[in-house]
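Breakdown of the fold
Chain by chain, the residues:
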Amino acid sequence: MDTNTPNPTADLPRLYAEMAPHNLFPLWEVLHGLVTPTPRSAAAPVLWRYAEARDFLMRAGALISAEQAERRVLILENPQLPASSCATPSLYAGLQLILPGEVAPCHRHTQCALRFVLEGSGAFTALDGEKAVMRPFDLVLTPNWQWHDHGNTSDAPMIWLDGLDIPMVRFFETSFAERLPDMAHAETAPPGDSLARYGRNLRPFAGSPAARRPASLPLFHYPFAEWRASLSALAAHDAPDPHLGHALEFTNPADGGPVMPTIAAHVRLLPAGFTTRPRQATDGTIFVVVSGRGTARIQGQEFALMERDTFVVPSWHLLELQAESELVLFGYSDRAAQAKLGLFREQAH
Ligand code: GTQ
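Residues numbered from 1 in each chain as written. Predicted model: local features only at pLDDT ≥ 70, side-chain atom pairs only at ≥ 80, totals over all residues. Heavy atoms only, no water.

**Section: the overall build of the protein chain**
Counting secondary structure elements, the protein chain contains eight helices and 22 strands. In terms of overall dimensions, the protein chain has C-alpha extents of about 85 × 55 × 50 Å along its principal axes. In the protein chain, buried positions account for 49% of the 349 residues. Residue pairs in contact within the protein chain that sit at least 24 positions apart in sequence constitute 74% of those at least 6 positions apart. Entry remark: accessible area of the protein chain is about 17200 Å², with carbon and sulfur atoms responsible for 57%. Side-chain charges in the protein chain split into 28 positive and 37 negative, and the spacing between the mean points of these groups amounts to 3 Å. (Helix = DSSP H or I, 4+ residues; strand = E, 2+ residues; numbered from the N terminus. Buried < 20%, exposed > 50% of the residue type's maximum accessible area, 1.4 Å probe, protein only. Contact = heavy atoms within 4.5 Å. Areas by Shrake-Rupley, 256 points an atom, 1.4 Å probe, with all protein chains shown as cover. Lys, Arg positive; Asp, Glu negative; His and termini not counted. Charge placed at Lys NZ, Arg CZ, Asp CG, Glu CD.)

**Here we look at the site of the ligand**
By nearness alone, every residue bordering the ligand is listed as Arg71, Val73, Tyr92, Gln96, His107, His109, Arg115, His148, His150, Asp162 and Leu164. Within the side chain of arginine 115, one N or O atom sits 2.8 Å away from an oxygen atom of the ligand. In the environment of the ligand, an oxygen atom lies 2.7 Å from a nitrogen or oxygen atom belonging to the side chain of aspartate 162. Among the secondary structure elements, those contributing two or more residues to the shell around the ligand are strand S3 (92-98), strand S4 (103-109), strand S9 (148-151) and strand S10 (158-164). Of the residues in the shell around the ligand, the class split is three nonpolar, five polar and three charged. (Near = heavy atom within 4 Å. Polar contact = N/O pair within 3.5 Å; in protein donor to acceptor, adjacent residues only side chain to side chain. Nonpolar A, V, L, I, M, F, W, Y, C, P; charged D, E, K, R; others polar.)

**Quick notes on the side chain of arginine 115**
With respect to the helices and strands, arginine 115 occurs in strand S5 (residues 113-119). Polar contacts involving the side chain of arginine 115 include one to the side chain of aspartate 162, which spans 2.6 Å. Excluding its chain neighbours within four sequence positions, the residues that come into contact with arginine 115 are Gln96, Thr125, Met134, Asp138, Leu139, Val140, Thr142, His148, His150, Trp160, Leu161 and Asp162.

**With respect to the sheet that holds strand S19 (residues 310-313)**
Ordered by their spatial adjacency, six strands build an open sheet running S1-S19-S16-S21-S14-S13, and the pairing between neighbours is antiparallel. Only two strands of the sheet have a single partner each, and these edge strands are strand S1 (46-48) and strand S13 (246-249). When the angles between neighbouring strand axes are averaged without regard to direction, this sheet yields 20°. Inspection of the sheet shows strand S14 (residues 264-270) paired to strand S21 (residues 327-333) by seven bridges, in the antiparallel sense. Each residue of the ladder has a partner; that of arginine 268, found in S21, is leucine 329. (Pairing = 2+ DSSP bridges. Axes fitted to C-alpha atoms, helices over the stretch in contact; angles between N-to-C directions.)

**Quick look at the side chain of histidine 266**
Relative to the elements of secondary structure, histidine 266 occurs in strand S14. On the accessibility criterion, histidine 266 (18% relative accessible area) is buried. Within the structure, the side chain of histidine 266 is placed 3.0 Å from the side chain of arginine 268, a separation counted as a polar contact. Setting aside anything within four residues of it in sequence, one finds histidine 266 in contact with Leu248, Glu249, Phe250, Phe287, Leu329, Phe330 and Gly331.

**Description of the nonpolar core**
By size, the foremost hydrophobic cluster in this structure holds 54 residues, and its most contacted members are Phe116, Phe330 and Tyr332. When residues no more than four places from it in sequence are discounted, the contact partners of phenylalanine 116 are Phe137, Asp138, Leu139, Trp160, Leu161, Trp227, Val288, Val290 and Phe330. Core analysis: the next-biggest nonpolar cluster, separate from the first, contains 16 residues, Phe287, Ile298, Val313 and Ala323 among them. (Core = buried A, V, L, I, M, F, W, Y, C linked by side-chain atoms within 4.5 Å.)

**A few points about the sheet that holds S4**
Strand order in the open sheet formed by five strands is S7-S6-S9-S4-S11, with antiparallel pairing between adjacent strands. Where the open sheet ends on each side, the last strands, each with one partner, are strand S7 (130-133) and strand S11 (177-179). The mean inter-strand angle of the sheet, taken between neighbouring strand axes irrespective of direction, is 25°. The pairing of strand S6 (residues 124-127) with S9 spans four bridges and is antiparallel. Along S9, the bridge assignment pairs threonine 125 with histidine 150.

**Observations regarding the pattern of salt bridges**
Following the criterion strictly, the structure yields 14 salt bridges and no others. Glutamate 119 is the salt-bridge partner of arginine 54, the closest N and O atoms lying 2.6 Å from each other. A residue pair is termed long-range when its members are at least 10 positions apart, and arginine 54 in helix H3 (residues 50-63) and glutamate 119 in strand S5 qualify at 65 residues. In this structure arginine 54 comes out as partly exposed when scored by relative accessible area, which is 23%. A salt bridge links aspartate 128 to arginine 213; its shortest N-O distance comes to 4.0 Å. With aspartate 128 in the loop between S6 and S7 and arginine 213 in the loop between helix H6 (193-198) and strand S12 (221-222), this pair connects stretches of sequence that are 85 residues apart. Given the relative accessible area of 5%, arginine 213 is considered buried. (Salt bridge = Lys/Arg side-chain N within 4 Å of Asp/Glu carboxyl O.)

**A look at the environment of leucine 97**
Mapped onto the elements, leucine 97 comes out in strand S3. Judged by relative accessible area, leucine 97 falls into the buried class, the value being 0%. Expressed as a C-alpha distance, the spacing of leucine 97 and alanine 60, which sit 37 residues apart in the sequence, is 9.0 Å. When neighbours within four sequence positions are excluded, leucine 97 is seen to be in contact with Leu57, Met58, Gly61, Arg72, Glu102, Pro157, Met158 and Ile159.

See below:
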């Protein structure tokens, strides 16, 4: 046989083997997996039952203090993303427990966080020394690089969902964090101060003393009582959107955009008996069931929904929601980041 005649079947594998130690690889073998015609999420649809997770969290509560743990949290990890601490490839979710009398010490980091209260009333998150007193299904933000500590001065356990952009910050390799020497930040404003100034379509009158909060993110507490009343008002006279039900996004009053630079959050209400048409979107979303019962069909896979369960709808998976009783959901996703990067897409069917 002529040894000069190319023989790709034998020679290409040899070429690959010889290149590999030089950190060189053939694109044509992997291109279709890199540049896919539509998103192929690595994440799985998954649901965590609140009652089950709560039992484990309370057991942890008997074994380690919030102070010892710094943050006593059970990570909701996607089974298709093992050892990643991710709920979706870009987002983290965890259930945090603070027992009566406990504090979670003050720190700050470049990750953005939201808290969505699941149980308990009267504990606080303090942001740069201003407390937000937390009640069930309140949304509280701790945007990046702002000091925050948590404390429970009530007489019952307090549990909330932590939603953070930990995987995005890890991807960009931009994590910085530090502890305040003190357990708690000194009080800088009375509880509710920012909500009073910015929470009701108001802002400090031009010429008033300089605002204390950063101008780009003045508001950090979105109480359940307020967002729920808005959903009820819509449901009283509007027809639900066929794909979303009645849906409202939480906004940053400074610019009308999503609540944080990377994370967008919204709530939706489906009337009893309503079923949504299938919809898919590029922002893999983490949902919490606030109230009601129903079913989520995620790319054909069915999950029964009960109050305070958490579930993941991965990128570009078809979602159909069915409400047995009036169903109220909270959801957060990386849509804020995707929109800035020109990547967000959705498709209604
Ligand atoms: O409260 O700052 O669930 O830094 C994970 C990392 C909560 C927090 C988490 C965190 C926090």
